[in-house]
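# Close look at the chain arrangement
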Amino acid sequence: MNTAISTSEYASVGTDTGLAVPTSTTTEAEAKRPVPARIGRAQLQAIAERLDNTDRALLALLAAHRYATTRQLAQITELSRQYGSARSALRQTSRRLRRQHGLGLVAHLARRIGGTRAGSAGYVWYLTAAGQRLTSEGQGRGARRRFQEPSALFLAHTLAVTQARVVIEQAIHAVGGHLARLRTEPACWRSWLRLGGALGWLKPDLEAITATDAGAEDHWLLEVDLDTEHPARLLAKCHDYQ
């Protein structure tokens, strides 16, 4: 399966400061309410009971990838075939994210991918502390990450890794298969013993296993580079994979 992964649009992430929540009209009353500063356990449980499978899938995607644009999230959830078109998937995903923002589960950065012309499709979303609590309590994850504004380079790389997942999942669905496993850092790291007993580490950005209906599997360890690594470092990584 040959597929090209284009990450060029994430190599330069602009900063449009002062941008707030999307101003388009939404029918969800929650999206219009002020975001709660602190959500207690009972309140979080009540919110969880109001979420459907698609809501939970969006939260799980953000838990795995840390950052994703509205468009990326729509492209992945569209593969479930619950939407009639890509435009419908984008519109419904944007509406769900606005609702989750109103519930205090997700937030977006001020900067957008593609600038202001991208609209809400270019918003970069992440889990709030409450969103992390909701996803981690059901999956046994460890300590929650405290939010810090990401650097442009870190954000570009993280979104490029997310886009790699989008492309892989779209490609395997196009041939009737499915994504059997996906793990992000650090869960996808693995160690081995070098000659002499020293411990070596492989630290890919992404691990994926794709499977066809016939039972064939492809195993992927992905390294994503936005032309920022020194060639000598890239060569050393290639030797590690050998």
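Residues numbered from 1 in each chain as written. Predicted model: local features only at pLDDT ≥ 70, side-chain atom pairs only at ≥ 80, totals over all residues. Heavy atoms only, no water.

## What to know about the packing of aromatic side chains
What characterises a pair of aromatic rings is the spacing of the ring centres plus the angle enclosed by the ring planes. If you walk through the whole model with that rule in mind, you get two aromatic pairs. Both rings, one in tyrosine 123 and one in tryptophan 125, keep their centres 6.3 Å apart while their planes meet at 55°; by these two values the pair is tilted. Each of the two residues, tyrosine 123 as well as tryptophan 125, counts as buried. We note lysine 203 situated over the ring of tryptophan 189; from NZ or CZ to the ring centre the distance is 4.5 Å. (Phe/Tyr/Trp six-rings, centres within 6.5 Å; stacked < 30°, edge-to-face > 60°. Buried < 20%, exposed > 50% of the residue type's maximum accessible area, 1.4 Å probe, protein only. Lys NZ or Arg CZ within 6 Å of the ring centre and 35° of its normal.)

## Overview of unusual backbone geometry
For the peptide bond that leads from glutamate 185 to proline 186, omega is -5°, which places it in the cis range. When you line up the elements, proline 186 lands in the loop between strand E4 (178–184) and strand E5 (190–193). The phi torsion at arginine 66 lies on the positive side, around 75°, for a residue other than glycine. By the element assignment, arginine 66 lies in the loop between helix H2 (53–65) and strand E1 (68–69). (Helix = DSSP H or I, 4+ residues; strand = E, 2+ residues; numbered from the N terminus.)

## Describing the sheet that holds strand E7 (residues 206–211)
Pairing is antiparallel in the open sheet, where three strands are placed in the order E4-E7-E8. One side of each edge strand has no neighbouring strand; the edge strands of this open sheet are E4 and strand E8 (217–222). Strand-to-strand twist in this sheet, taken as the mean axis angle between neighbours without regard to direction, amounts to 10°. Pairing analysis gives six bridges linking E4 to E7, with the strands arranged antiparallel. Residue pairing across strands places leucine 179 opposite threonine 210, the latter belonging to E7. Contacts between helix H6 (residues 152–174) and the sheet are confined to E4, E7 and E8, with E4 contributing the most and set at about 165° to the helix. (Pairing = 2+ DSSP bridges. Axes fitted to C-alpha atoms, helices over the stretch in contact; angles between N-to-C directions. Contact = heavy atoms within 4.5 Å.)

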